[in-house]
Amino acid sequence: MTFRSVVFFVGTGLLCLPASSGDAQGPSVDSVVMAAQRLLAACDSQIVEMIFVTMVHERELRDDGTIKREKSFKIRHFIRGEQDREVLEAMWEDGEPILGSRLANEQRKREKERLRRLEGRRKNPGKSDGDRSRSLSMLQPFLPNHRANYEFPSMTEDTLGGIRCWRIVVNPLSDDDKLVEGALWVEQESWRAVAEEYEIVNPPGPA
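Quick notes on the rules
- Residues numbered from 1 in each chain as written.
- Predicted model: local features only at pLDDT ≥ 70, side-chain atom pairs only at ≥ 80, totals over all residues.
- Heavy atoms only, no water.
- pLDDT = per-residue confidence, 0-100.
- Helix = DSSP H or I, 4+ residues; strand = E, 2+ residues; numbered from the N terminus.
- Contact = heavy atoms within 4.5 Å.
- Phe/Tyr/Trp six-rings, centres within 6.5 Å; stacked < 30°, edge-to-face > 60°.
- Lys NZ or Arg CZ within 6 Å of the ring centre and 35° of its normal.
- Buried < 20%, exposed > 50% of the residue type's maximum accessible area, 1.4 Å probe, protein only.
- Pairing = 2+ DSSP bridges.
- Core = buried A, V, L, I, M, F, W, Y, C linked by side-chain atoms within 4.5 Å.

Trainee: Would you mind going over the confidence of the model for the protein chain in detail, with residue names and values included?
Mentor: Summarising the model, the protein chain shows a mean pLDDT of 76, and 74% of its residues fall at 70 or more. Here strand β1 (residues 2-13) stands out as the least confident element of the protein chain, with mean pLDDT 40; strand β5 (residues 96-97) is the most confident, with 95. Confidence drops under pLDDT 50 across residues 1-24; counting only partners more than four residues distant or on other chains, this segment forms 97 contacts. Overall, residues 130-137 carries pLDDT values under 50, and its contacts beyond four positions in sequence, including any with other chains, amount to 19 contacts.

Trainee: Residue-level account of the packing of aromatic side chains, with values.
Mentor: All chains considered together, the criterion is met by zero aromatic pairs. The ring of F73 carries the charged tip of R110 above its face, separated from the ring centre by 4.4 Å.

Trainee: Any chance you could break down the pairing of strand β9 (residues 180-187) for me, citing the residues and the numbers?
Mentor: The buried fraction of β9 amounts to six of the eight residues, a majority that puts the element mostly inside the structure. Strand direction decides the pairing type here: strand β8 (residues 163-172) and β9, joined by six bridges, are antiparallel. Counted as the bridge partner of I168 is L184 from β9. Relative to strand β10 (residues 193-200), β9 runs antiparallel, the two being bridged by seven bridges. Among the inter-strand pairings, V180 is bridged to a residue of β10, identified as I200.

Trainee: Go over the nonpolar core, please, and point to the residues and values.
Mentor: Grouped together as the largest cluster of nonpolar side chains are 19 residues, with contacts concentrated most on V32, F142, F152 and I168. Every element with two or more residues in this core is listed here: α1 (29-43), β8, β9 and β10. Among the elements that line this core, the one with the most residues is α1, at five residues. If sequence neighbours within four positions are ignored, V32 has contacts with P27, M155, W166, I168, V186 and W191.

Laid out in structure tokens, this is it:
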């Protein structure tokens with residue numbers, strides 16, 4: 001049997017992106033990516049906190065690849081500096097919602113795990129926290145230190161929540177389990193990052 005965990009990130013951070021514009025034919029994907037990278041770098045020091053939602057799908061597959069069991073979690077993350085908190089907003093098992101005391105028990109279990117990770121970081125401040133680094137992968141593909149890890153092969157026009165956007169495809173250049181693949185939506189008028197949808201390229205779990 002095969003177990004996989006798939007994560008999608010959709011959210012926004014507190015970013016200050018000044019307006020910009022493309023040429024009459026519309027900007028190229030490279031120009032939008034470069035502009036977004038420059039603006040994010042310039043505004044990085046002004047990010048105070050991030051709030052975003054993850055949808056996590058844990059699946060157990062049969063030998064033929066069909067899904068045997070699946071759990072899904074909707075989690076809202078709150079991050080300020082080195083402090084982070086998450087709230088389990090909803091949970092499903094095989095498509096059926098989990099409510100009441102079972103949902104509350106799952107939230108308590110996750111809170112205990114968060115406190116355990118926090119204590120671990122306090123005792124070992126230099127040690128990497130893999131789970132937390134995954135949660136902080138918002139806009140990761142556009143960070144300067146990841147320029148060698150990603151490519152942006154195409155860009156199309158799209159509308160998201162009534163906002164005219166450029167949808168930029170994000171592809172990793174290796175199967176490193178900390179990289180993601182998916183898309184980023186950038187507002188056409190201001191080139192402000194509006195939303196992201198990523199999947200971990202090499203999900204955790206036994207093959």
